[in-house]
Amino acid sequence: MSQDDDAAKVTADAVVTTTGLVRRFGKQVAVDGIDLAVPRGSVFGFLGPNGSGKTTTIRLLLGLLGADAGTIELFSQPIPKAAGKVLPRVGAVVEGPAFFPYLSGDANLARLQAIDKTDDPHTARRRRGEALERVGLTAAARKPYHHYSLGMKQRLGIAATLMRPRDLLILDEPTNGLDPQGTREIRNLIRTLHADGTTVIVSSHLLSEVEQVCTHVGIMSRGRLIAQQSMDDLRTARVPRLSVEVTADTTTAARKVLAKLGLAPDGTDEASMLVTIGEVPVPKIAKALVGAGADILGLSLEQPGLEDIFVELTGAGFDVAG
Amino acid sequence: MSQVENFDAVPGALWRAIGSEIGLVLRRRRNQVLLAGLAALPIVIGLAVKLVSSHTDGGVGLITKITNSGLFLAAVVFVVSMPLFLPLVISVVAGDALAAETQLGTTRYAMILPVSRTKWLGMKAVGLVVFVIAGVATVLVVSLVVGFALFGVSDMTLLSGDTIGPWAGVGRIALMSVYVVASEMGMVAVGLFISSLTDVPIVAMAGTAIVPAVCTVLLAVPQLQAIQPGLLTYHWLDLTTFLFAQPDVALIRQGLLVQLAWVAVFGSLAWARVASTDVKA
């Protein structure tokens, strides 16, 4: 399926669409004309190096910043004009949670409910309790926020989004500060939400996490959206490589045979090698290796990891883009 | 698929929001300490007067007035607190109004609920006004109680020489306190505006607190006579007119108009600022 067909299919049923979205800060272009399309019901991994414009984009989507050019639509309604109609369906954690340090976790949530004009006061307490339960903060609900650990603060931020049913959740680094148990719970939470039909946008640096839960990916770099595809498409577009591991004494034989097949394994004389196989079928390689007397310890087709794809696309180094 | 909710405003939503804001302002420990500080003023002044009067025979006119009728203590406390203490206390709370939530980052979470910018400013304004009323009420009630306890209540001898009964005296003091509340509305508006400019509350507090001081300086410059009647503090001490048999209503009206003008100007500036700024915090 061509790129254009893909895009058309997605925008027809997209929860978030932007066209030519631009935002500058002084001379710097933070968001440089992006056409975002988040499919309904997807778990959309929003990735990019630091300074790529992810957070600015999220702020634009939520109406916190005004766009310099382009359009934004949430649930097919224009932002910021229809923000009042649409934002109650959206929950978000943006750049970390923020609460009053001198209020308890429960009081902080109550504050948000009290100033939300579409929040039903009769069920407010129950929903608050359920949200706290869902993130495991019931025991700490009455403690003042400034006594919370980083992980607890993060959970409270997520609890705030769960106090009412949401059609879209935007989670910016949701596993920040969480221990492995907490990270697993967040992953399960996202899966549950996904199963319920909620669209989830996860902005994260933990590519291994994203890989596990996301169905679609959008990668930003220097203000541009350089990739926007389903995870499946992203993987199949990349050439898989064969991982071959042989015993030390048969390495030379193995390498010789691979060279005869026209393949170029990486490294010079290591027993463990990665080789791009091109058109050569794997069974043929296996038979050739065995035939040459190589003792195979392991043979597997490796899908390129999201991290490899990411680094390849963004060319990211340690330096911030600007 | 999650339920599609009805997104009309729930009845009473505005009151809930205002109630939440008032709760935030009045339940905050620091603000309660400020109110306690205001309550201490009449206690300190009352005790000081008691001490002085018990050691000297006649004493200064004002002290005699207080010892004769505890109602005068309230009047004196208002006069003493108007130029500095009260505006300072209000600066602290007003400086926080918008800047604190911006600093904490809670503003952005309010904005995405969503809460309209106008409602946001309105909530903050009401919270501040309620705090001013609470502060003045604290001073009033404590002054009356302390005055009664230390000096007893009897007919009040006004500054114009006339005498009025105790209840009429309470009435006058109450009118004074209403004028004090009204006189601080300009400060509230200025505080809101300065608070909207920064994400550092203490800067907003300092900026607001300076305003009366600047006005005092400008009032001391004779060449500025033309603009002086419009300055925020110009009519502040006219509250003493309630201590005359015939209070100067024209003076009070001027004072209220000046406050109205400052509220209109700085309220609009604050609104323009809050309505148009990106929520970067």
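Numbering of residues starts from 1 in each chain and follows the order in which that chain's sequence is written. The lettering of chains begins at A and the numbering of ligands begins at 1, in the order of writing. At least 70 in pLDDT is required for a residue's local features to be given in this predicted model, at least 80 for side-chain atom pairs to be given and counted, and no such filter applies to totals for whole chains, interfaces and linings, which use all residues. Processing note: side-chain calculations cover all non-hydrogen atoms of the structure and skip hydrogens and water entirely.

Another point: the interface of chain B and chain A. Many structure descriptions define interface size as the accessible area lost when the parts assemble. Any pair of residues with heavy atoms lying within 4.5 Å of one another is described as a contacting pair. Taken together, the contacts link 36 residues of chain B with 45 residues of chain A. Values labelled buried area give the accessible surface lost by two parts on being combined, using a 1.4 Å probe and summing over both. Surface buried jointly by chain B and chain A totals about 3400 Å² across both partners, of which 58% is contributed by carbon and sulfur atoms. The term salt bridge refers to a side-chain nitrogen of Lys or Arg lying within 4 Å of a carboxyl oxygen of Asp or Glu. Counting the contacts that link chain B with chain A gives three salt bridges. Think of a polar contact as two N or O atoms within 3.5 Å of one another; within protein, one of them needs to be a possible hydrogen donor and the other a possible acceptor, and neighboring residues in sequence only count if both atoms come from side chains. Seen at the junction of chain B and chain A, the total is 17 residue pairs in polar contact (both at pLDDT 80 or more). Runs of E in the DSSP output that reach at least two residues are strands. Runs of H or I that reach at least four are helices, and both are numbered from the N terminus. Elements represented by at least two residues in the side of chain B that touches chain A include exactly helix H1 (13–27), helix H5 (85–104), helix H6 (106–111) and helix H7 (117–151) of chain B. Each residue is assigned to one class: nonpolar for Ala, Val, Leu, Ile, Met, Phe, Trp, Tyr, Cys and Pro, charged for Asp, Glu, Lys and Arg, and polar for all the others, Gly among them. Here the residues of the side of chain B that touches chain A sort into 19 nonpolar, five polar and twelve charged.

Attention now goes to the packing of aromatic side chains. All names here are of chain A. For Phe, Tyr and Trp, rings pair up if their centres lie within 6.5 Å, where Trp contributes its six-membered ring, and each pair is then called stacked (planes under 30 degrees apart), edge-to-face (over 60) or tilted (otherwise). Throughout the structure, instances matching the rule amount to seven aromatic pairs over all chains. An angle of 50° between the planes, with centres 5.9 Å apart, marks the rings of Phe 100 and Tyr 102 as tilted. Ring pairs connect the aromatic residues Phe 99, Tyr 145 and Tyr 148, which therefore count as one cluster. Whether a charge sits over a ring depends on NZ of Lys or CZ of Arg being within 6 Å of the ring centre and within 35 degrees of the ring normal. The positively charged end of Arg 89 is found above the aromatic ring belonging to Phe 75, 3.9 Å away from the centroid.

Residue and element names in this part refer to chain A. On inspection of all chains with the given rule, the structure shows 19 salt bridges over all chains. Between Asp 106 and Arg 128 there is a salt bridge, with its nearest N and O atoms 3.2 Å apart. With Asp 106 in helix H4 (residues 105–115) and Arg 128 in helix H5 (residues 124–134), the pair connects residues that are 22 residues apart, well separated along the chain. The exposure classification of Asp 106 matches that of Arg 128, with both residues buried. When accessible area is computed with a 1.4 Å probe and restricted to protein chains, residues below 20% of their type maximum are described as buried, those above 50% as exposed, and intermediate ones as partly exposed.

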